[in-house]
Structures are given as structure tokens and as C-alpha cells.
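Architecture at a glance
Here's the letter readout for the chains.
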Amino acid sequence: MLGEWWLANPTDAAGDYEPPDPADRVPGALREVAQGRFSLETIGFAGDRPFMAGGPAASTDRSRREIWGIDRDSTCYSLFDSLRSRSTLDLVHVSGGHVDWLVGWLAKGRNVWVTSDEECDSARIEIDDLRAWALHQGPDNVELDLDRNAVTIDLRRETLGSKTIGDTRVSLVRGSEVAVGSPDRDPGRHFSFANVVYWEVEGPVALRAVVMDWSGHFESFARFMTMEPSVVSGINCSLREEDGPEQWVELIAPQAAAD
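Here's what I pulled together on the structure shown here. (Residues numbered from 1 in each chain as written. Predicted model: local features only at pLDDT ≥ 70, side-chain atom pairs only at ≥ 80, totals over all residues. Heavy atoms only, no water.)

1. Details of the nonpolar core
- Of all hydrophobic cores here, the largest spans 29 residues; its most connected members are Ile125, Val210, Cys237 and Leu251.
- Every element with two or more residues in this core is listed here: strand 7 (105–110), strand 8 (119–127), strand 12 (168–180), strand 13 (191–206), helix 2 (207–226), strand 14 (232–240) and strand 15 (246–252).
- It is helix 2 that contributes the most residues to this core, seven residues altogether.
- Contacts of cysteine 237, omitting those with residues within four sequence positions, involve Cys120, Ser122, Ala123, Leu207, Val210, Gln247, Trp248, Val249 and Leu251.
- Grouped together as the second largest cluster of nonpolar side chains are 11 residues, Leu30, Ile67, Trp101 and Ile252 included. (Core = buried A, V, L, I, M, F, W, Y, C linked by side-chain atoms within 4.5 Å. Buried < 20%, exposed > 50% of the residue type's maximum accessible area, 1.4 Å probe, protein only. Helix = DSSP H or I, 4+ residues; strand = E, 2+ residues; numbered from the N terminus. Contact = heavy atoms within 4.5 Å.)

The following block contains the structure:
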């Protein structure tokens, strides 16, 4: 994904993560190099001076915990635990050059940048093999109204079990979700639904904890229960600003090896 990128510094305004001026941004490309693994190639960073005439090719600080960006479709990206992997001197412009970053994990959403320590209200963690293990059936009821050329589907959401751990409530949920429209059909007349089974974590939970702690525990549980090399296939978190609308971000982290 081509876009603009900048070094995030949210500690300058705690709780207020406004992006810097456009002049502080640099062009770059975010690429998925493996399942859930990304690299970012940029042309230097404003305020970051690894390329100085007569100086070393790279600064001593090779890591950046937070990098923010936005692509051409206005999707916002927050990159975490990024490590500078390679720097190439630009002989024409000695103050800048190509910089490659290995991204630890990332978040993406619409009109929202986050930090790794930001807390979400709830997190939904999907593992594909849970669907077969939970023996999910179809929707409760499907009704066709030929006179109105309409269809009604009652989607079931069932909590299979839940547990409260401190201030956090963990539930195993199964249900259905609908996708409306299709690239090759009239979006007003085409829809589909899919059965889903997921873990739901409710409570103030840091995004870093969702990726580093909760996801790994759920993944290990699914592997044990299904006896399959189950991996996390999706993480979506709900954020709600005070007196503001609900916002969702998707978290993407490298998948565990499918042994």
C-alpha cells in the first residue's frame, strides 16, 4: 500500500493523537511479506537523521515503537515495534535515503490512529477452526416475500460460555453476519451470510495485550480442542471516545507457525 508515513509521538499530548503537519510526512510503501508480516519502505523521516554527510549510515536508535500512516484510500495505519532493517544513502540528497522497517504488528481503521497502549472497549478474536468445533448451525429463520421481492433473515447470536477475570469478561460466541452487495451483481439485490465463531473480550484492554496475551491463549486453546494447527484469522477492536461514535480498528500480527 502506497501512502504517507510519519513518526508518532503521542506522549507530547497524552490522549490527543492528532497527526503532525503534512510537511512532516514522507512517502513510502507498506508490503505484506508473509502471513501477517509486513515491511515498510520509506524515504527517510523528517526529524530522523540517519544520513548525514561524513556520519554513520544509520542512527544508533534503530527502533521506532510507533509509526503512523495513511494510504491513498484514506485508511489509517498504526505500526508498532518496528525495527529499521536497512538504510541506503541517497547520494543526490544526502539528508535522506531509502529506509526499510520490519513491522512487529499493526492496526488499521478509518479516521483513527492508535497507540499500542490505547485501551479498547471490546475485542473480537476469530479462529477459523472454532467454527467446526462449536457445531454452528444455520440462521434460525429465513422468510421470502415474493410480493415485495424481499427476504428476511433472523441472525442468531449465542453465547456458548463466559467467564469474568478481574475487570474483563471473556465469552465464546457463535452467530452469523451478512455481507451486502457484490462486485459483479446489483449491490441492492445481492447479499450473503456466513457463520462465525469468535472470542469476545469485554472491558478496558490495551491493544498490545490483545495481540501479545489474549490472542495467544485463545489460539493455544483452539489448537488443543480441535487438534488442528489453528491460528488467529482476525482481530477487531471497538474504540469509543468520550461522547463520540464507536470506531473499529483491525489488528494484524504475524501468525503462529501451523505445525
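From this point, the discussion proceeds with the structure in view.
2. What about a nonpolar patch on the surface?
- Judged by side-chain polarity, Phe221, Phe224 and Met225 come together as a nonpolar surface patch covering roughly 290 Å² of accessible area.
- Mapped onto the fold, phenylalanine 221 is located in helix 2. (Patch = residues over 30% accessible without salt bridge, like charges linked within 9 Å, V, L, I, M, F, W, Y side chains within 5 Å. Areas by Shrake-Rupley, 256 points an atom, 1.4 Å probe, with all protein chains shown as cover. Salt bridge = Lys/Arg side-chain N within 4 Å of Asp/Glu carboxyl O.)

3. Focus on the packing of aromatic side chains
- The final tally for this structure, using the stated rule, is six aromatic pairs.
- When the ring of tryptophan 5 is compared with that of tyrosine 77, the centres are 6.0 Å apart and the planes differ by 45°; the resulting orientation is tilted. Here the residue tryptophan 5 occupies a position in strand 1 (residues 2–7), and tyrosine 77 occupies one in strand 5 (residues 75–89), the gap between them amounting to 72 residues.
- According to the relative accessible area criterion, tryptophan 5 is buried, its value standing at 0%.
- A relative accessible area of 5% places tyrosine 77 in the buried class.
- When the centroid spacing of 5.4 Å and the interplanar angle of 80° are considered together, the rings of tryptophan 199 and phenylalanine 221 count as edge-to-face. Taken together, the residues span a long stretch of sequence, with tryptophan 199 in strand 13 and phenylalanine 221 in helix 2 at a distance of 22 residues. (Phe/Tyr/Trp six-rings, centres within 6.5 Å; stacked < 30°, edge-to-face > 60°.)

Limitation: the analysis is restricted to geometry and does not speak to function.
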